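Structural overview
Below, each chain spelled out in residue letters.
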Amino acid sequence: MNVLIVHESLFGNTRHVAEAIAEGVREGRAPASVSLVHVDDAPTTIGDDVGLLLVGGPTHVFGMTRPGTREDAQTKGATPAREGVREWIEAVTPRKGLPVVTFDTRIHVRMMPGSAAAAAAKALRHRGFDRAERGETFWVKDTAGPVVDGELERARSWGATLAGRVAHGVS
Ligand SMILES: Cc1cc2nc3c(=O)[nH]c(=O)nc-3n(C[C@H](O)[C@H](O)[C@H](O)COP(=O)(O)O)c2cc1C
């Protein structure tokens, strides 16, 4: 079974995290094969070979990005993107029973609520992915990054743990 990682990243931080998760999936004690795709290129039909779907993006204004927040990011130097996780979730055909785990990046500020991972998990369940659950948040130092020290290692070991779940058929 394969792991599909769909991610969105304006400044590259969530992409680095997604790459580290993918490494963990490949290198864990029970490795699984993995495809890492940006939302702009992500399939809207999940292949039958996919046994675990991971969906990750940056937190913008307490939740998933929107066209306006992505434009805002662009004015701060981010790479333009057609779509975000929010739009992809609206477009993808749901698959009942598929384990789905979300992740996000955000800035570590005390008392700052909201998480794209939480919002994405909720939106995915609403869309029909009945087993979607919120996974991890990974911290960045500032809007453009970088990722906080140690977070990529944490992402790698999280990926390794998730791969074990696919290999054992447990979710
Ligand atoms: C328009 C905008 C809104 C943001 N809102 C939040 C927020 O509500 N909470 C937070 O922790 N970080 C917020 N951030 C910081 C992002 O989470 C950070 O830029 C992101 O994690 C970087 O990931 P990326 O490099 O993959 O785009 C915001 C950033 C932008 C550009």
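Keep in mind it's a predicted model, so treat the numbers as computed, not measured.

Considerations on the overall build of the protein chain
- For the protein chain, the helix and strand inventory stands at five helices and five strands.
- Listed by position from the N terminus, the elements making up the protein chain come as β-α-β-β-α-α-β-α-β-α.
- Dimensions of the protein chain, computed from C-alpha atoms along their principal axes, come out at roughly 45 × 35 × 30 Å.
- Per-residue burial for the protein chain yields a buried fraction of 44% across its 171 residues.
- Taking as baseline every contact in the protein chain between residues at least 6 positions apart, the subset at least 24 positions apart corresponds to 77%.

Things to note about the site of the ligand
- Taken together, 23 residues lie near the ligand, and Ser9, Phe11, Asn13, Thr14 and Arg106 sit nearest.
- For the shell around the ligand, the secondary-structure elements that each account for two or more residues are helix H1 (13-27), helix H2 (67-75) and strand E4 (100-107).

Points about the environment of His60
- Following the sequence through the fold, His60 ends up in the loop between strand E3 (50-58) and H2.
- On a C-alpha basis, the gap between His60 and Gly114 in space is 8.7 Å, while along the polypeptide they are 54 residues apart.
- Apart from residues lying up to four places away in sequence, His60 is in contact with Thr65, Arg66 and Thr69.

Things to note about the environment of Gly24
- Its location among the elements puts Gly24 in helix H1.
- Considering only alpha carbons, one finds Gly24 and Thr69, 45 residues apart in sequence, at a separation of 30 Å.
- Apart from the residues lying within four places of it in its own chain, the contact partners of Gly24 are Ala155, Arg156, Ser157, Trp158, Gly159, Ala160 and Ala163.

As for the sheet that holds E3
- Across the sheet, which stays open at both edges, the five strands sit in the order E2-E1-E3-E4-E5 with parallel pairing between neighbours. Every other strand in the sheet has two partners, leaving strand E2 (33-38) and strand E5 (132-140) as the edge strands with one partner each. Along the sheet, successive strands turn relative to each other by an average axial angle of 20°, direction set aside.
- Sheet topology note: the strand E1 (residues 2-7)/E2 ladder contains six bridges and is parallel. Directly across from Ile5, in E2, lies its bridge partner Leu36.

Considerations on unusual backbone geometry
- Going from Gly145 to Pro146, the amide bond is cis rather than trans, its omega being 0°.
- Tracing the sequence through the fold places Pro146 in the loop between E5 and helix H5 (151-167).

Focus: the nonpolar core
- Counting residues in each nonpolar core, the largest one holds 44 residues, and the members touching the most others are Val3, Ile5, Ile21, Leu54, Ala120 and Leu124.
- The leading source of residues in this core is helix H4 (residues 116-127), at seven residues.
- What Leu54 contacts, discounting residues up to four positions off in sequence, is Val3, Ile5, Ile21, Val101 and Phe103.

About the thresholds
Residues numbered from 1 in each chain as written. Predicted model: local features only at pLDDT ≥ 70, side-chain atom pairs only at ≥ 80, totals over all residues. Helix = DSSP H or I, 4+ residues; strand = E, 2+ residues; numbered from the N terminus. Buried ≥ 20, exposed ≤ 12 C-beta atoms within 10 Å, placed from the backbone. Contact = placed C-beta atoms within 7 Å. Near = placed C-beta within 6 Å. Pairing = 2+ DSSP bridges. Axes fitted to C-alpha atoms, helices over the stretch in contact; angles between N-to-C directions. Core = buried A, V, L, I, M, F, W, Y, C linked by C-beta atoms within 7 Å.

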